Amino acid sequence: MTKKTLTTSAGAPVADNQNSMTAGARGPVLLQDYQLIEKLAHQNRERIPERVVHAKGWGAHGTLTVTHDISKYTRAKLFSKVGQKTPMIARFSTVAGELGAADAERDVRGFALKFYTEEGNWDLVGNNTPVFFVRDPLKFPDFIHTQKRHPKTNLRSPTAMWDFWSLSPESLHQVTILMSDRGIPVAPMYMNGYGSHTYSFWNNDGERFWVKFHFKTLQGHKHYTNAEAEALIGKTRESYQEELFGAIERGEFPKWRVCVQIMPETDAEKTSYNPFDLTKVWPHGDYPLIEVGELELNRNADNYFAEIEMAAFSPSNVVPGISYSPDKMLQARIFSYADAHRYRLGTHYEALPVNAPKCPVHHYHKDGAMRFFPNDTGNPDVYYEPNSFNGPTEDPSVNEPPLKISGDGDRYNHRIGNDDFSQPRALFELFDAGQRARLFSNIAAAMGGVPPVIKERQCRLFDQIHPEYGAGVRKALEAAGEGYDPNAIPVTDATPQEAAE
Ligand code: NDP
Ligand code: HEM
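These numbers were taken from a predicted model, which means no experiment stands behind them.

## Points about the overall build of the protein
And then number 1: Along its length, the protein carries 13 helices and 10 strands.
And then number 2: On C-alpha atoms alone, the protein measures out to a radius of gyration of 26 Å, which is about the 23 Å that the 2.2 N^0.38 rule sets for 501 residues.
And then number 3: Put simply, the protein has 501 residues, and 36% of those count as buried.
And then number 4: Within the protein, contacts between residues at least 6 apart in sequence are counted, and of these 72% link residues at least 24 apart.

Structure follows, in structure tokens:
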């Protein structure tokens, strides 16, 4: 290989990359050593803000291959024919930990996918769980505060977590999954992914269907117990990066079976549960999984920072044939992610190579930070619309079918008329004795140091899922020496502040 010459970022050859320029061998350094100043200045700018949530992550490039025809549900080109392959990138993450957090911690895992389709980027920004902790976006920042550090102690606070959860019964389904065996996957390839929200498909005939996306691991489920994870973290904090990167380097490409559940548009008025409620699944018995394709991760990033850290996923990125639903949480996320990207990465983050669509892009956004890409309307006179210079124009054929909306604008109490117990009960009833025992002890471990009134309030919610659930957690608390004394606890649904008075 021919030897390459080191250059400045302006392209000029560098004469010496070992010694600073000084007045005499002992110094001082001269201000005109621009290369030294440039290196120090660049280093000072090597960090960008970490993601406010999902900061610690692992990712890779891959391919989606369509194996079954679903074109009767969606006109999306990526699903247009069997055998169709779409390049994509995935990023998995934990939610609460910071950039340097250990990988094998008990937490929900992010499962974010960006598909570079011929009609633009489609992002599915899901989790390894089919549901979420809250159903109203107004509660998302409060929930995340309970997962992050306490402002005074700068420690994570089990009291804050259980205080919030015990006052938010809609969290029970997700809390049960989080505390179950599936709460600490061994590595990203050993877990399922879910789009979680209800999205929509629409076809060439203008018919709309509601859809949920499932990614079933083909490596099988593998999980750590608390004890195994603790022992592992003592040895390595980077187990997911090692496993995922290593497997792909060895050619052992992780795969998932991609499935959808489809609900005809008008069924949404008939189901006993709100199908747009993110704390609920659609039972498989009612809406069976329909196989669509296979997802394979087959290429590691060459530069983690440029391709994984600077990847910007957003539920707002949909393509013709795939769209949103009335889910309130999804609606909030449509705003939140692009806003986060503009802050974290800069105005034109979508033009970064990892985020740039692999199809022609024509827009009239103008200046701003990182405007490094050319005017792609093909004509310097075309920077507004309408214009007389053959600039790009809209395409009414990709208008999605109109959505019927009804109701008075108001703040509706989402806790009224919502059954928060039946679906966690269905899950609890799937668990065998061993799974239940580990669920109880995982919860007791996570409740260490939490005030008794909060523990009791939470156990009463577990009682409503199943009497054995509440009883099991109480017993595990006693076994953990958690100072649990049911008689000392006020029999009240009061908040901790009220109970303390
Ligand atoms: P099914 O018996 O048809 O499906 C049970 C589902 O539970 C499977 O998807 C299985 O995933 C999953 N599962 C098993 N253990 C766990 C766990 N510890 N954490 C999360 N998921 C787990 O039942 P239904 O469709 O009638 O649903 C019953 C309950 O199963 C639901 O209330 C919900 O809690 C849970 N569930 C349902 C899903 C759905 O979309 N219907 C999706 C995921 C969970 P796998 O097949 O990969 O083993
Ligand atoms: C990351 C907001 C709910 C999955 C993020 C980020 C924000 C955010 C601001 C950081 C984005 C970035 O800097 O790139 C919200 C809000 C929510 C919400 C406001 C609810 C109202 C959810 C739900 C899921 C989810 C329900 C899963 C179903 C993710 C994932 C990431 C993420 C996977 C990381 C994406 C990546 O790898 O870059 N969220 N979130 N979030 N969120 Fe959410």
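And the narrative resumes.
## Quick look at the UniProt feature "active site" (unreviewed entry) in the protein
And then number 1: Within the UniProt annotation, "active site" (unreviewed entry) is assigned to H54 and N127. Considering the C-alpha atoms alone, the annotated residues occupy 74 residues of sequence yet fold into one spot, their largest mutual distance being 10.5 Å.
And then number 2: On the basis of neighbour counts, which here come to 22 C-beta atoms within 10 Å, the residue H54 falls in the buried class.
And then number 3: If we ignore the near neighbours within four places in the chain, the residues touching H54 are S93, V95 and G110.
And then number 4: For N127, the position within the fold is in strand β4 (residues 120–127).
And then number 5: Under the C-beta neighbour-count criterion, N127 is labelled buried, with 24 such atoms within 10 Å.
And then number 6: Setting aside chain neighbours within four positions, we find N127 in contact with V108, R109, G110, F111, Y194 and S196.

## Observations concerning the pairing of β4
And then number 1: In terms of residue burial, β4 counts as a mostly covered element, since 7 of its 8 residues are buried.
And then number 2: Judged from the 8 bridges that link them, strand β3 (residues 109–117) and β4 form a sheet pairing that is antiparallel. Residue pairing across strands places T117 opposite G120, the latter belonging to β4.
And then number 3: Counted between consecutive antiparallel strands, the loop separating β3 from β4 contains 2 residues.

## Details of the site of ligand 2
And then number 1: Near ligand 2, the surroundings consist of 28 residues, among which H54, R91, G110, P137 and S196 are the closest.
And then number 2: Contributing elements (two or more residues each) for the shell around ligand 2: β2 (85–94), β3, β4 and α8 (328–344).
And then number 3: Looking at the shell around ligand 2, the element that brings in the most residues is α8, giving 8 residues.
And then number 4: The residue inventory of the shell around ligand 2, partitioned by class, reads 15 nonpolar, 9 polar and 4 charged.

## Points about the site of ligand 1
And then number 1: Taken together, the neighbourhood of ligand 1 is formed by 16 residues, with S180, V281, P283, H284 and L427 sitting nearest.
And then number 2: Ranked by residue count, the leading element in the shell around ligand 1 is helix α9 (residues 422–430), at 4 residues.
And then number 3: By residue class, the composition of the shell around ligand 1 is 8 nonpolar, 5 polar and 3 charged.
And then number 4: Two domains each put at least three residues into the shell around ligand 1: domain 1 (57–134 + 185–347) and domain 2 (421–480).

## Some remarks on the packing of helix α2 (residues 140–147) against helix α3 (residues 158–166)
And then number 1: The N-to-C vectors of α2 and α3 enclose an angle of 145°; their axes lie 7 Å apart at closest approach. Across the interface between the two elements, D142, F143, T146 and Q147 of α2 pack against A160, M161 and F164 of α3.
And then number 2: When the residues that make up the contact of α2 with α3 are grouped by side-chain class, the tally is 4 nonpolar, 2 polar and 1 charged.

## Structural notes on the domain arrangement of the protein
And then number 1: In terms of domains, the protein is made up of domain 1 (57–134 + 185–347) and domain 2 (421–480).
And then number 2: Once you take the C-alpha centre of each, domain 1 and domain 2 turn out to be 29 Å apart.
And then number 3: At the junction of the two partners, domain 1 supplies 4 residues and domain 2 supplies 4 residues.
And then number 4: Broken down by class, the residue content of the side of domain 1 that touches domain 2 amounts to 1 nonpolar, 2 polar and 1 charged.

## Here we look at helix α12 (residues 467–479)
And then number 1: End to end, α12 covers 18 Å across 13 residues, agreeing with the expected 18 Å (1.5 Å per residue, within 8%).
And then number 2: Immediately downstream of α12, the backbone of G481 shows phi near 65°, a positive value.

Rules used throughout
- Residues numbered from 1 in each chain as written.
- Chains lettered and ligands numbered in written order.
- Predicted model: local features only at pLDDT ≥ 70, side-chain atom pairs only at ≥ 80, totals over all residues.
- Helix = DSSP H or I, 4+ residues; strand = E, 2+ residues; numbered from the N terminus.
- Rg over C-alpha atoms; globule rule 2.2 N^0.38 Å.
- Buried ≥ 20, exposed ≤ 12 C-beta atoms within 10 Å, placed from the backbone.
- Contact = placed C-beta atoms within 7 Å.
- UniProt positions renumbered as here; feature names shortened; annotations may be inferred.
- Pairing = 2+ DSSP bridges.
- Near = placed C-beta within 6 Å.
- Nonpolar A, V, L, I, M, F, W, Y, C, P; charged D, E, K, R; others polar.
- Domains from an automatic or database assignment.
- Axes fitted to C-alpha atoms, helices over the stretch in contact; angles between N-to-C directions.
- Expected span 1.5 Å × (residues − 1).

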